[in-house]
2 protein chains.
Amino acid sequence: MPRRPAAAVAETRAAVTHAAVERASVEGLEGLTIGGLAGEVEMRKSSVFSLFGSKKELQLATLEAAIEQFRDEVWGPVADEQPGLPRLLALCDSWLAYHEREVMPGGCFLTTATVEFDARPGPLRDAVARTMARWLGVLEGEVATAIDAGELPVDTEPADVAFQLNALAAAASYGFQLSRDGDVFVRARRSMRRTLGA
Amino acid sequence: MPRRPAAAVAETRAAVTHAAVERASVEGLEGLTIGGLAGEVEMRKSSVFSLFGSKKELQLATLEAAIEQFRDEVWGPVADEQPGLPRLLALCDSWLAYHEREVMPGGCFLTTATVEFDARPGPLRDAVARTMARWLGVLEGEVATAIDAGELPVDTEPADVAFQLNALAAAASYGFQLSRDGDVFVRARRSMRRTLGA
DNA sequence: TCCTTTATCGAACGACCGTACGGTATCATC
DNA sequence: GATGATACCGTACGGTCGTTCGATAAAGGA
């Protein structure tokens, strides 16, 4: 009794991973349960399972979906800004706004996944590590562009600034989740501006 | 067949929570299993269970033990330094050293617990929130002392500096766990020094 | 219209979890 | 040396998890 037309597997997977991203931001990727997820998308446990073949594959697909959403909602709006400091400043605002409007009910997904798997060897950890490295690389490249354009001091260490910005955004996310006090975003924004020498 | 003399319940609990702290830094507080923990301290599942009465109590006791260890190993060595900027600088070094020497096999315990429970209402979340708030308060007080002593600019926001230092230490911890590259500690130390205007 | 493909379902499995409870050997006290 | 408290153990129960597998009904091409 297929409820959907043939070859709809991609859409169905997307519906599941979308729900999984939200759920995992709260309970963690390990806290995901195939049965619980199935209930949320009104399917049966065995159906959801057969879409991915294993829980590990479901987790990897969920991470992939979270990355895509992050790119769409954070990077997308600022992609057209002028590369260098202008885009970096816009990116920081977009980044914090993404957390502030609570797109993820449990806070920053990548931070959650990082802290959850950073000490557990396996493909999940490797995928998280690659993602984090790639993101830090993006930030670093933007800082380097800003330096070349004379928008930042020549003695600025791009990797340091990337590390700091990422640390601040993550702390803003879990700080807000813990305290439910929006002031942490003000603090984070001020701190980011200071890091970027404003 | 009691293996220990009477009234040894406190010592036994301490042995269990000590193992639990290490394990939870890797697998998370929710990932703790009473049976697994029992194997590690060479006791039976039912024995460990009856020491705490419930898993939730075990988790709370584990958090308490982690806080105590943190206080002993991070704050203890610098408690006698001169309050204000000197002690703050020493504290940052002690803090990073604590993570660098991998006392916790899975990285910063409080960060793990924070990210794990920040969006899950309950006594665990409340305890974590109180702990984090207290720690930020300690940092903030130290910054305020430094300002009063003229060691930091008068327009410094103590809460901002506390937020930044905590963000950097946490990021150093999970950054190291992910990359296994000790350079993150150099980066974090440099960033902390910069935050403190050195 | 028939036949193959395919998306979904239902039922069952073994493993592991937290929890409950009664038993048992040792200790402290008299 | 008998007695009661104490620290630990053995066993079992109900529940939930990931996973397997055969059935089923709609979709699509011939």
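Summarised in this report is the structure supplied together with it. (Residues numbered from 1 in each chain as written. Chains lettered and ligands numbered in written order. Predicted model: local features only at pLDDT ≥ 70, side-chain atom pairs only at ≥ 80, totals over all residues.)

Thoughts on the packing of helix H5 (residues 85–100) of chain B against helix H9 (residues 183–195) of chain B
All names here are of chain B. For clarity, the threshold we go by: As a rule, the C-alpha atoms of each element are fitted with a line to give its axis, helices using only the stretch in contact, and angles between N-to-C directions run from 0 to 180 degrees. Only DSSP runs of H or I with at least four residues qualify as helices, and only runs of E with at least two residues qualify as strands; both kinds are numbered from the N terminus onward. The scheme is simple: roughly parallel for angles under 35 degrees, roughly antiparallel for over 145, roughly perpendicular for 65 to 115, oblique for anything else. Handedness of a crossing is defined here by the sense of rotation of the near helix relative to the far one, left-handed for an anticlockwise turn of less than a right angle and right-handed for a clockwise turn. Note that contacts rest on C-beta atoms placed from the backbone: two residues are in contact if these are within 7 Å. All residues other than Ala, Val, Leu, Ile, Met, Phe, Trp, Tyr, Cys, Pro, Asp, Glu, Lys and Arg, Gly among them, are scored as polar; the first ten of these are nonpolar and the last four charged.
The interhelical angle for the contact between H5 and H9, taken along N-to-C directions, is 165°, at an axis separation of 11 Å. The orientation of H5 with respect to H9, classified from their angle, is roughly antiparallel. Like other packed secondary-structure pairs, H5 and H9 cross with a definite hand, here right-handed. Here Cys92, Leu96 and Glu100 of H5 come into contact with H9, specifically with Phe185, Ala188, Arg189 and Met192. Here the residues of the contact of H5 with H9 are counted per class, giving five nonpolar, no polar and two charged.

With respect to the relation of the copies chain B and chain A
Mapping between the two chain copies consists of a rotation about an axis together with a translation along that axis. Defined as follows: When the copies are overlaid, the least-squares fit takes in C-alpha atoms only where the residue has pLDDT of at least 70 in both copies.
When chain B is brought onto chain A, the operation consists of a screw motion whose angular component is 180° and whose axial shift is 0.0 Å, with 0.0 Å RMSD remaining. On this basis, the relationship between the two copies can be described by a two-fold rotation axis. Among all C-alpha atoms of chain B, that of Ala167(B) lies closest to the rotation axis, at 2.6 Å. Mapped onto chain A, 100% of the interface residues of chain B are again interface residues, and the two copies thus contact each other with one and the same surface.

Side note on the interface of chain B and chain A
Each partner contributes residues to the interface: chain B has 33 residues there, and chain A has 33 residues. Elements supplying a minimum of two residues to the side of chain B that touches chain A: helix H6 (109–117), helix H7 (123–148), helix H8 (158–179) and H9 of chain B. The element that contributes the greatest number of residues to the side of chain B that touches chain A is H8(B), accounting for 13 residues. Its residues assigned to classes, the side of chain B that touches chain A shows 14 nonpolar, twelve polar and seven charged.

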